[in-house]
Amino acid sequence: MSESNSAERGNRDEEQVPGAKVIAQALKTQGVKYMFGVVGIPVTEIAFAAQELGIRYVGMRNEQAACYAASVVGYLTDRPGVCLVTSGPGLINALSGMANANMNCWPLLVIGGSCERSQETMGAFQELPQAVRSSMYGRPGACYVDMPADIVDLKVNVSSIKYVECCMPPPVSMAEGSAVCMAASVLRNAKQPLIIIGKGAAYARAEEAVRKLVEQCKLPFLPTPMGKGVIPDNHPNCVGAARSRALQLADVIVLFGARLNWILHFGLPPRFRPDVKFIQVDICAEELGNNVRPAVTLLGDINAVTKQELASKNSLPMNYFTVFYHVQEQLPKDCFVVSEGANTMDIGRTVLQNYLPRHRLDAGTFGTMGVGLGFAIAAAVVAKDRNPGQRVICVEGDSAFGFSGLEVETICRYNLPIVLLVVNNNGIYQGFNADTWKEMLKFGDATFVAPPLSLLPNAHYEQVMTAFGGKGYFVQTPEELQKCLSQSLADTTKPSLINIMIEPQATRKPQEFHWLTRSNI
């Protein structure tokens, strides 16, 4: 080897790089492609280094939304997204996202900066590969790595750095898509159907939806011991007095939160027909398929599943089902559907169809509100890389939108063509129209007379989008919704927000302020 080559190699070995760049390179080596955060000392340098090495950095307005976004990247890509935060309040703000990731079993890596400490070795850098692995393997979840300021600023020789190979992805278990349509077909073709209502339906507070299903479809029902009362025992469709006969003759049985244990004779003959078809509705995956093989399994909230049968296409003022019916008609089959809110999410998941895995994002196992815009931003960034032109539709309740509405500025700053749909009923669960609100305030100050569930009527959330340069629409009819949604989907150059007004509470009697005298809503 010539002296000049030896000198050049020696210079490279003695070249020093900052710790921030070593951290960023370690992340890139582990397959990290996306980073979300709110920068500050000392983690700002990590963000710069990440961008320099080709890791996409999205600066958010709040660590909570940043952590939600990073967690969804882990779900969508099989590699953990990174949330970059400062110490103290920054890390505390990210805790909701970390908890949400753990409950949903999504890989997430949170990197926080802290004050300096004595550091004599490079051991801290070697923690990153293990953190990535820990977030992905076994039960995926959040993993936090603390990066003291002196590590970020530390200068080390290139020759002393040894990057660990990218860890292999964990085995992926693919979940089956929605089977609601199949269940409806089986039930529709039944000659002697039977609904069995278990205590799971009672726990889900599904009494209203189950009763409407029974009455509209004229279905006989049988309650289990702790399912009694979901629909009153004196209801004309109750077959409790002929229990044995009903079980023996039914050709299709829908189990709403009822387990095929000893109480229901394990679902086996002679109590049941040998060829009976079970449709099993349960929130617990472990219960599906116990003792017998069901014709259809529906894993989900019992209340939400039963509400699908209640869809109405042409009601005015619009209700949830009217909105979702017209939205479903135009949704691209390959789009990401992000959804959060109370009724908005519950009803929406039964009407808005998904055709591809990992293309639906909602409050998930932890039931977290405020995740929507962070999830949508992450999905849009991933889609931009993987499949340019793929749309992200974010369906928000008006209350849920309030949790992270200012992230609209983030959407506009990065020009992400997300279509935001705010289903606005002027409240949490239910609200009041402008006239009723005005009359109500005559009774006193809003802090005394306004129900805690109510929000300001007719709030123009679409103006949040227009304030930052996107397109905003205020719609009140199905025709307006169809037109505005069509325009929004056709425009791939700008984000848009459609503020959809629906009936605040369909059963409300005009000018009756019953909340002043009743404790039950």
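Once a new chain begins, its residue numbering starts again from 1 and follows that chain's sequence as written. Reporting of local features is limited, given that this is a predicted model, to residues whose pLDDT is at least 70; pairs of side-chain atoms are given and counted only at 80 or more, and all residues count toward the totals for whole chains, interfaces and linings. Remark: hydrogens and water are excluded; side-chain values derive from all non-hydrogen atoms of the structure.

- The name given to the chain in an unreviewed UniProt entry is 2-hydroxyacyl-CoA lyase, with Equus caballus as the source organism.
- UniProt positions are given in the numbering used here, feature names are shortened, and annotations may be inferred rather than shown by experiment. Checking UniProt for the chain, the heading Cofactor (unreviewed entry) contains the comment "thiamine diphosphate".

### A closer look at the nonpolar core
So, step 1. One finds F36, I377, I418 and L420 to be the most contacted residues of the largest nonpolar core, which totals 49 residues.
So, step 2. Residue ranges labeled as domains rest on an automatic or database domain assignment. Structurally, this core is a two-domain feature, drawing no fewer than three residues from each of domain 1 (17-160) and domain 4 (311-501). As used in this record, nonpolar core signifies buried Ala, Val, Leu, Ile, Met, Phe, Trp, Tyr and Cys residues forming a set joined through side-chain atoms within 4.5 Å. Each residue's exposure class comes from its accessible area (1.4 Å probe, protein chains only) as a fraction of the maximum for that residue type: buried when under 20%, exposed when over 50%, partly exposed otherwise.

### Considering the pattern of salt bridges
So, step 1. Salt bridges are counted wherever a side-chain nitrogen of Lys or Arg sits within 4 Å of a carboxyl oxygen of Asp or Glu. In total, this model carries 13 salt bridges according to the counting rule given.
So, step 2. One salt bridge connects D233 with K228, and the closest N-O pair in it is separated by 2.7 Å.
So, step 3. The exposure class assigned to D233 is partly exposed, which follows from its relative accessible area of 40%.
So, step 4. Where salt bridges share partners, they join D346, R349, R360 and D362 into one cluster.

### Some remarks on the pairing of strand β11 (residues 277-282)
So, step 1. Elements are defined by DSSP. Helices are runs of H or I of four residues or more, strands are runs of E of two residues or more, and each kind is numbered from the N terminus. By the criterion of burial, β11 is predominantly enclosed, with five of the six residues buried.
So, step 2. Strand pairing is assigned whenever DSSP identifies at least 2 bridges connecting the two strands. Sheet topology places strand β10 (residues 252-256) next to β11; five bridges connect them, and they run parallel. Each bridged residue has a counterpart across the sheet, and for F256 the counterpart in β11 is V281.
So, step 3. Pairing between β11 and strand β12 (residues 296-299): four bridges, direction parallel. Paired with D282 across the bridge in β12 is L299.

### Structural notes on the sheet that holds strand β9 (residues 221-223)
One key point about sheets: their strands pair by backbone hydrogen bonds, in either a parallel or an antiparallel sense.
So, step 1. Strand order across the open sheet formed by five strands is β9-β8-β10-β11-β12, with parallel pairing between neighbours. Looking at which strands have only one partner, the edges of the open sheet turn out to be β9 and β12. For this sheet, the mean inter-axis angle between neighbouring strands, taken without regard to orientation, is 15°.
So, step 2. Of the strand pairs in this sheet, strand β8 (residues 193-197) and β9 are connected by three bridges, and their pairing is parallel. As a rule, the C-alpha atoms of each element are fitted with a line to give its axis, helices using only the stretch in contact, and angles between N-to-C directions run from 0 to 180 degrees.

### Topic: the packing of aromatic side chains
So, step 1. Two rings from Phe, Tyr or Trp (for Trp, the six-membered ring) form a pair when their centres sit within 6.5 Å of each other. Planes less than 30 degrees apart are called stacked, planes more than 60 degrees apart edge-to-face, and all others tilted. Per the stated rule, a full pass over the model turns up five aromatic pairs.
So, step 2. Geometrically, the ring pair formed by Y68 and F375 is edge-to-face, given 6.4 Å between the ring centres and 85° between the ring planes. With a gap of 307 residues between them, Y68 in helix α4 (residues 63-77) and F375 in helix α15 (residues 372-386) connect regions that are remote in the sequence. In this pair, the class of Y68 matches that of F375, namely buried.
So, step 3. Site record: aromatic cluster; members linked through ring pairs are Y68, W106 and F375.
So, step 4. Any Lys NZ or Arg CZ found within 6 Å of a ring centre and within 35 degrees of that ring's normal is scored as a charge over the ring. When the ring centre of Y355 is taken as reference, the NZ or CZ atom of K333 above it lies at 4.8 Å.

### Structural notes on helix α3 (residues 44-52)
So, step 1. When α3 is considered as a whole, its buried residues turn out to be I46, A47, A49 and A50. Projection of α3 onto a plane perpendicular to its axis shows the buried side chains occupying an angular sector of 165°, all on one side. Away from the buried face of α3 by more than 90 degrees, exposed residues F48 and E52 are located.
So, step 2. G54, located one to two residues past α3, shows a positive phi value of around 95°. As used here, the arc belongs to the directions running from the helix axis to the C-beta atoms.

### What to know about the sheet that holds strand β14 (residues 360-361)
So, step 1. Taken together, six strands build an open sheet; the order of strands is β14-β13-β15-β16-β20-β19 and the sheet is parallel. Edge strands, defined here as strands with exactly one partner in the open sheet, are β14 and β19 (471-475).
So, step 2. Inspection of the sheet shows strand β15 (residues 392-397) paired to strand β16 (residues 419-424) by five bridges, in the parallel sense. Residue pairing across strands places E396 opposite V422, the latter belonging to β16.
So, step 3. Two residues qualify as a contact provided that any one of their heavy atoms is within 4.5 Å of a heavy atom in the partner residue. Lying over the sheet, helix α13 (residues 320-330) contacts β15, β16 and β20 (496-501), oriented at roughly 160° with respect to β16.
So, step 4. With respect to the sheet, helix α21 (residues 478-490) is in contact with β15, β16, β19 and β20, its orientation differing from that of β19 by roughly 165°.

### Focus on the confidence of the model for the chain
So, step 1. Residue-level confidence of the predictor, termed pLDDT, takes values from 0 up to 100. This prediction gives the chain a mean pLDDT of 81; 80% of its residues lie at or above 70.
So, step 2. Considering only residues more than four positions removed or in separate chains, one finds that residues 171-177, a stretch of pLDDT under 50, has three contacts.
So, step 3. Note on residues 310-316: pLDDT under 50 across the span, and 15 contacts to partners over four residues away in sequence or across chains.

### Section: the side chain of D251
So, step 1. With respect to the helices and strands, D251 occurs in the loop between α11 (243-249) and β10.
So, step 2. R273 is the oppositely charged side chain nearest to the buried, salt-bridge-free D251, at an N-O distance of 5.1 Å.
So, step 3. Contacts described as polar in this section are N or O atom pairs within 3.5 Å, which, within protein, must combine one atom able to donate a hydrogen with one able to accept it, while residues neighboring in sequence count only if both atoms come from side chains. Within the local environment of D251, its side chain forms a polar contact with the backbone nitrogen of Q192, the two atoms lying 2.9 Å apart. His is not counted, nor are the chain ends; Lys and Arg add positive charge and Asp and Glu add negative charge.

### What to know about the state of the cysteines
So, step 1. Only a pair of cysteine sulfur atoms within 2.5 Å qualifies as a disulfide here. On inspection of all chains with the given rule, the structure shows zero disulfides.
So, step 2. There is no disulfide at C67, and the cysteine sulfur nearest it, in C83, is 4.2 Å away.
So, step 3. Taking relative accessible area as the criterion, C67 reaches 0% and is therefore assigned buried.

### Things to note about the packing of α13 against helix α14 (residues 343-351)
Relative orientation and spacing of two packed helices are given, respectively, by the angle between their axes and the distance between those axes.
So, step 1. Taken N-terminus to C-terminus, the directions of α13 and α14 make an angle of 45°; their axes are 10 Å apart at the nearest point. Classed by the angle they form, the pair α13 and α14 counts as oblique. Crossing angle aside, the handedness with which α13 passes α14 is right-handed. Between α13 and α14, the residues in contact are Y320, F321, F324, Y325 and Q328 and N343, T344, I347, G348 and V351, respectively. The cut-offs work like this: below 35 degrees is roughly parallel, past 145 is roughly antiparallel, 65 to 115 is roughly perpendicular, and the gaps in between are oblique. In this scheme the crossing of two helices becomes right-handed for a clockwise turn of the near helix relative to the far one and left-handed for an anticlockwise turn of less than a right angle.

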